[in-house]
Amino acid sequence: MWKYLSSDQEKDFLLSLHLIDGKNASEIIKKIYTISNNKEKNYHIYKIKKRNGTYRTIYEPNLNLKIIQENILHNILEQKHISKYAKAYKKGINLIENAKPHLNQKIILKLDIRNFFDSISFTQIYNACFPIEYFPESIGILLTNLCTCYDTLPQGTKTAPYISNLVLQDFDNTIGSYCERQNIAYTRYCDDMTFSGGFNYHQVIKLVRQELSKLGLTLNNDKIRVITRKNRQVVTGIVVNEKLQVNSNYRKKIRQEIYYISKYGLYSHLKKSREVISKEKYLNVLLGKINFVLQINKNDKEFIKYQKYIINLIKKNTK
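Report on the accompanying structure. (Residues numbered from 1 in each chain as written. Predicted model: local features only at pLDDT ≥ 70, side-chain atom pairs only at ≥ 80, totals over all residues. Heavy atoms only, no water.)

**Topic: the pairing of strand β3 (residues 107-112)**
So the rule is basically this: Here's how the labels work: a residue is buried when its accessible area is under 20% of the maximum for its type, exposed when over 50%, partly exposed in between, all with a 1.4 Å probe on protein chains only. Secondary structure elements follow DSSP: runs of H or I no shorter than four residues count as helices, runs of E no shorter than two count as strands, and numbering proceeds from the N terminus. The rule for pairing is simple: two strands pair if DSSP sees at least two bridges between them.
Counting buried residues in β3 gives five out of six residues, a clear majority hidden from the surface. Here β3 pairs with strand β6 (residues 225-228) via four bridges, running antiparallel. What sits directly across from Leu-109, in β6, is Val-226.

Written out as structure tokens, the structure reads:
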């Protein structure tokens, strides 16, 4: 249906997506294509160390590319449905929704996709997000270009998480349908897959390997975990053995931070711990951690007290 479009009509189509502001149509078009043709130069690329000692590459777009990607996300990508089994990067869905299906189960199987974002290709993104059925080919390729770096999905951008859900939509539905027939609970939170119930986990692992291979993805064998009810079953940081509860180590660290702040004072605590962030940012991050605990258990009196304490400190330090 798009082959009869003139170049002017394609430009009008691109302008209708409202990707970035400009003085006039020609300036907007020029800005978009300039960024697309030099996309690698529009990223600040750096590495952060992971707990296992390896490094994760983060791609931070500059302001103009960030604006374009945010508009692609809101104006295009979020209009597309993702699988009900995908629990990350979805409005109205949080970690609780990912953990709930696995509450009080006999066995929990946890699987992880190796090099998740880096392994999603330009072609997969084009086909899942901007296919010829909905976009003129040249526009679809342009949009894909604006969402990739070195022809893969760059972790650290606003669009990457939602794109990953769209690319894995068929995978999720295939695995999810199988699990429903076998009475197995299945959810996926980014690259973390969780299965629970009473089942033959060897068969599930085999099926997941087969379906991932169709996408050019592989399992991280080092992160395969089978957890029985006798052990602490944790799903994305939430203990699910009998009731939903935040992992005890997470709670303990918050408790320690509150103790040190109350004993030494905020300034001395930050100096002793060599935190390099501002007091305001530190307090807001800590409040976010406390709110997470209360999100899981809103009646936790200990953490309600911590919440009030930190809120008062934030007020004092922002006057």
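What follows continues from the structure just given.
**Quick word on the nonpolar core**
Counted only if it meets this: Working definition of a nonpolar core: buried Ala, Val, Leu, Ile, Met, Phe, Trp, Tyr and Cys residues. They are joined through side-chain atoms within 4.5 Å. Whether two residues are in contact is decided by their heavy atoms, any of which lying within 4.5 Å being enough.
Ranked by size, the top nonpolar core spans 62 residues in total, and within it Ile-72, Phe-130, Met-193, Phe-195 and Val-208 carry the most contacts. With residues up to four places along the chain from it excluded, the contact list for Ile-72 reads Leu-19, Leu-77, Phe-130, Leu-143, Leu-146, Cys-147 and Thr-159. If you look at the next biggest cluster of nonpolar residues, it comprises 27 residues, including Val-246, Leu-266, Phe-292 and Ile-314.

**Things to note about the sheet that holds strand β5 (residues 192-197)**
Note the cut-off: Lines fitted to C-alpha atoms define the axes, with helix axes restricted to the stretch in contact, and inter-axis angles between N-to-C directions lie between 0 and 180 degrees.
In space, the four strands of this open sheet follow the order β4-β5-β3-β6, with antiparallel pairing throughout. Edge strands, defined here as strands with exactly one partner in the open sheet, are β4 (185-189) and β6. Across the sheet, the mean angle separating the axes of adjacent strands is 15° when strand polarity is ignored. By the bridge criterion, six bridges tie β3 to β5 in an arrangement that is antiparallel. Bridge pairing links Leu-109 to Phe-195 in β5. The sheet contacts of helix α9 (residues 201-213) involve β3, β5 and β6, and relative to β3 the element is tilted by about 25°.

**Side note on the packing of helix α8 (residues 169-181) against α9**
How we decide: Here the word oblique covers every angle except those under 35 degrees (roughly parallel), over 145 (roughly antiparallel) and from 65 to 115 (roughly perpendicular). The hand of a helix crossing depends on one turn: near helix anticlockwise from the far one by less than a right angle means left-handed, and clockwise means right-handed. In the scheme used here, Gly and all other residues not listed as nonpolar or charged are polar, with Ala, Val, Leu, Ile, Met, Phe, Trp, Tyr, Cys and Pro taken as nonpolar and Asp, Glu, Lys and Arg as charged.
The contact between α8 and α9 brings their axes to 10 Å, and the two run at 160°. Judged by the angle between their axes, α8 and α9 are roughly antiparallel. The two elements α8 and α9 cross, and the hand of that crossing is right-handed. Contact residues: Phe-171, Thr-174, Ile-175 and Tyr-178 in α8; Gln-203, Val-204, Leu-207, Val-208, Glu-211 and Leu-212 in α9. Class assignment for the residues of the contact of α8 with α9 results in seven nonpolar, two polar and one charged.

**Some words on the sheet that holds strand β8 (residues 238-239)**
The antiparallel open sheet is built from three strands, whose spatial order is β7-β8-β9. The sheet terminates laterally at β7 (234-235) and β9 (245-246), the two strands that pair on one side only. As paired strands, β7 and β8 are joined by two bridges and run antiparallel to one another. Within β8, the position partnered with Val-234 by the bridge is Val-239.

**A short note on unusual backbone geometry**
Of note in this structure, Asp-151 is not a glycine but carries a positive phi near 65°. Topologically, Asp-151 is positioned in the loop between α6 (137-146) and α7 (160-167). Positive phi, normally seen in glycine, also occurs at Asn-183, with a value near 60°. Note on placement: Asn-183 falls in the loop between α8 and β4.

**Description of the layout of surface pockets**
In plain terms, the rule: We place a 1 Å grid over just the protein atoms. Points where a 1.4 Å probe fits but has no way out form a cavity, open points with protein on both sides within 12 Å along at least 5 of 7 lines form a pocket, and any residue with an atom within 4 Å of a point lines it. Grid points are joined across faces, edges and corners, and a volume is the space filled by probe spheres set on the points.
Volume-wise, the largest pocket comes out at about 1,800 Å³. Along its surface, the largest pocket is lined by 39 residues, and Arg-51, Arg-56, Asp-112, Asp-192 and Lys-223 are the ones closest to its centre. Counting only elements with at least two residues in the lining of the largest pocket, the list comes to β2 (55-61), β3, β5, β6, β7 and α10 (248-264). Within the lining of the largest pocket, the residues separate by chemical class into 14 nonpolar, eleven polar and 14 charged.

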